[in-house]
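One-letter residues, chain by chain:
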Number of protein chains: 2
Amino acid sequence: MDSELVFLPPLRRVAICGGTHGNELTGVHVVRERLREEQRKAEEDEEEDDVVSVACVLTNPRAVQQCRRYTETDLNRCFTRAILSSAVSDRTPYEIVRSQELNSLLGPKGSAQAVDLVCDLHNTTANMGLCVIAYSDSDWFCLHIFKEAYSLDSLGKHGFALEIGPQPHGVVRSNIYTFMKTAVELTLEWVRLFNSGTVFEGGSVEVYTMVSNIDYPRERHTHNIMAVIHPKLQDQDFCLLHPKDPMFQTFSGDTLRYKGPEPLYAFFINECAYYEKGIALSLARQRCVAIPTIQMKSGLQHRGEEGTSEEED
Amino acid sequence: MDSELVFLPPLRRVAICGGTHGNELTGVHVVRERLREEQRKAEEDEEEDDVVSVACVLTNPRAVQQCRRYTETDLNRCFTRAILSSAVSDRTPYEIVRSQELNSLLGPKGSAQAVDLVCDLHNTTANMGLCVIAYSDSDWFCLHIFKEAYSLDSLGKHGFALEIGPQPHGVVRSNIYTFMKTAVELTLEWVRLFNSGTVFEGGSVEVYTMVSNIDYPRERHTHNIMAVIHPKLQDQDFCLLHPKDPMFQTFSGDTLRYKGPEPLYAFFINECAYYEKGIALSLARQRCVAIPTIQMKSGLQHRGEEGTSEEED
């Protein structure tokens with residue numbers, strides 16, 4: 001497997017998106033800083049990058065302005081084909097209107113005109129470090145970029161979210177900002193190298209595949225939570241949770257244990273925005289995915305040699 | 001000074017308040033748990049506490065329900081005499097209406113009917129640990145309670161806020177919950193001991209008196225922030241900030257330094273809710289306040305022997 005060579009088309013148009021959730025401020029400020037930098041370069045008449053065109057987009061400006069996750073509905077759940085093609089009226093939620101605008105700007109989803117790569121910047125209150133969130137384990141681009149360095153990102157031909165935490169929503173921490181800014185720069189550097197013909201050696205990448213979500217124990221009538229993440233599990237994202245390990249602690253101090261039949265990896269532990277979605281933590285299986293060596297397809301390579309992954313989105 | 005003995009009236013009625021800011025969830029759940037406990041005791045016909053009556057109040061239920069700091073205006077800025085006595089119409093913000101309800105329930109502010117002690121529970125995203133925030137440095141009750149263990153709390157004859165962090169707003173962390181629940185229990189235990197005639201020895205307490213607030217550097221037209229708390233200052237609450245110490249880091253990576261003439265103690269560093277109030281951090285002077293020995297005034301003590309502090313609010 002590691003000797004296989006897959007040829008893939010260049011990534012000529014890349015979109016860096018922030019503010020899809022308006023209170024996840026790292027992406028907002030990474031995008032604003034890149035926009036200022038673009039303006040400075042334009043004013044100083046610096047030459048443009050010739051191997052990749054980068055569009056920086058503040059995706060939910062109204063939610064950013066209000067410093068809320070969303071104004072009417074979660075934008076990052078609006079990029080289904082059904083919503084993107086739905087009729088719009090005066091009473092359509094802002095985020096649905098905006099998802100269609102973004103589909104015109106970055107898509108249309110699934111079309112030849114779509115941007116080649118969408119990188120969407122997110123924060124979490126969970127102690128997850130920097131994660132790449134993608135919907136496919138055979139998108140060689142996402143896996144390769146992650147190897148070097150898990151929505152809206154579905155608008156492009158390829159896409160992933162960079163999720164970084166822990167950071168409270170509505171706050172910018174310098175360490176998290178610098179980390180994400182660097183991750184974006186490394187991603188773009190990787191794209192430039194790829195577009196310039198660099199061969200990226202295959203290998204393997206550790207991936208965590210979501211198995212299930214677990215909600216907080218809740219009162220039947222009020223739906224109020226009755227327990228919080230146990231102190232022994234808090235901040236232990238990507239550690240293995242074994243059957244009978246402590247999972248929750250009730251407000252009166254009792255310990256509730258993980259009742260599942262097999263050890264799984266916990267992540268998104270105590271994410272602020274997921275209280276309303278009924279998710280206290282998510283559970284995943286870990287495995288190794290073998291990835292092939294890849295290189296840009298030039299005009300000379302035969303179409304039959306293409307990887308199939310770029311048509312999967 | 002430490003031989004002085006001050007007699008103070010008993011603290012018969014105490015209010016424990018949570019949810020004054022609806023997304024500061026520790027107080028919300030401490031109050032809900034106490035309410036469940038009260039109900040359980042009532043159902044089991046357990047005898048009531050005879051030395052202190054404790055009212056537990058969810059102060060901004062509408063903001064709690066929405067998990068937001070407030071719905072229309074910051075409730076914890078509404079307890080001025082002007083607002084408490086203002087006329088109410090259909091268009092009056094919810095929090096102003098609610099402040100008047102709370103004034104009827106816990107006050108009226110400044111009156112003989114007011115509860116004796118209001119303890120209001122707050123969270124911060126700043127790394128401040130557990131702080132007692134009070135408006136007087138001669139309220140012997142607050143200082144004594146703090147010595148054993150820095151608003152709405154102004155409704156009672158005595159009052160303070162318990163501020164605890166770091167915790168993202170909209171999140172409950174078990175360690176922070178347990179810490180605050182214990183602080184509330186210790187406060188009530190102190191009140192029971194005081195009301196039972198225990199003499200509390202004087203001594204001294206370290207207090208931090210607010211000198212000024214510092215805002216983020218902002219863009220002139222958009223008012224967007226141009227820098228964040230420097231990584232060397234982040235999480236360093238109650239450490240001394242010296243002139244020329246790094247204070248901010250711009251989004252392009254430059255360091256901005258503290259320009260003040262004297263070393264001061266930084267606190268509320270990078271508190272989420274203060275971005276909109278124009279406060280990146282607050283600065284304080286530290287000093288030691290001598291506090292007298294106190295004991296409950298019984299009917300036999302002469303009125304002239306009273307401390308003056310209980311009339312200052």
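As the structure is a computational prediction, the values presented were derived from the model and not from experiment.

**With respect to the state of the cysteines**
Linking two cysteines covalently through their sulfur atoms gives a disulfide. As enumerated under the stated definition, the model contains zero disulfides over all chains in all. In this structure Cys272(A) is not part of a disulfide, and its nearest cysteine sulfur, from Cys67(B), lies 6.0 Å away. With a relative accessible area of 17%, Cys272(A) lands in the buried category.

**Focus on the interface of chain B and chain A**
Facing the 31 residues of chain B at the interface are 31 residues of chain A. For the pairing of chain B and chain A, the buried interface totals around 2,600 Å² over both sides, and the portion due to carbon and sulfur atoms is 51%. Three residues stand out in chain B for area buried against chain A, namely Arg173(B), Ser174(B) and Phe251(B), and they jointly supply 23% of the buried area on that side. At the junction of chain B with chain A, the criterion picks out four salt bridges. The interface formed by chain B and chain A holds 14 residue pairs in polar contact (both at pLDDT 80 or more) in total. Looking at the side of chain B that touches chain A, the elements with two or more residues in it are helix H1 (25–43), helix H6 (174–195) and strand S8 (227–229) of chain B. Here the residues of the side of chain B that touches chain A are counted per class, giving eleven nonpolar, twelve polar and eight charged.

**As for the domain arrangement of chain A**
How big an interface is tends to be reported as the loss of accessible area on association of its parts. Residues and elements named next belong to chain A. Taken domain by domain, chain A holds domain 1 (5–201) and domain 2 (208–288). Between domain 1 and domain 2, the C-alpha centre-to-centre distance is 28 Å. The interface of domain 1 with domain 2 comprises 16 residues on the first partner and 14 residues on the second. Approximately 1,200 Å² of surface area, both sides summed, lies buried where domain 1 meets domain 2, with 48% of it carried by carbon and sulfur atoms. Residue Lys277 pairs with Asp74 through a salt bridge whose shortest N-O separation is 2.9 Å. Connecting domain 1 to domain 2 are ten residue pairs in polar contact (both at pLDDT 80 or more). Looking at side-chain class alone, the side of domain 1 that touches domain 2 contains six nonpolar, five polar and five charged residues.

Parameters and conventions
Residues numbered from 1 in each chain as written. Chains lettered and ligands numbered in written order. Predicted model: local features only at pLDDT ≥ 70, side-chain atom pairs only at ≥ 80, totals over all residues. Heavy atoms only, no water. Disulfide = S-S within 2.5 Å. Buried < 20%, exposed > 50% of the residue type's maximum accessible area, 1.4 Å probe, protein only. Contact = heavy atoms within 4.5 Å. Buried area = accessible area lost by both parts, 1.4 Å probe. Salt bridge = Lys/Arg side-chain N within 4 Å of Asp/Glu carboxyl O. Polar contact = N/O pair within 3.5 Å; in protein donor to acceptor, adjacent residues only side chain to side chain. Helix = DSSP H or I, 4+ residues; strand = E, 2+ residues; numbered from the N terminus. Nonpolar A, V, L, I, M, F, W, Y, C, P; charged D, E, K, R; others polar. Domains from an automatic or database assignment.

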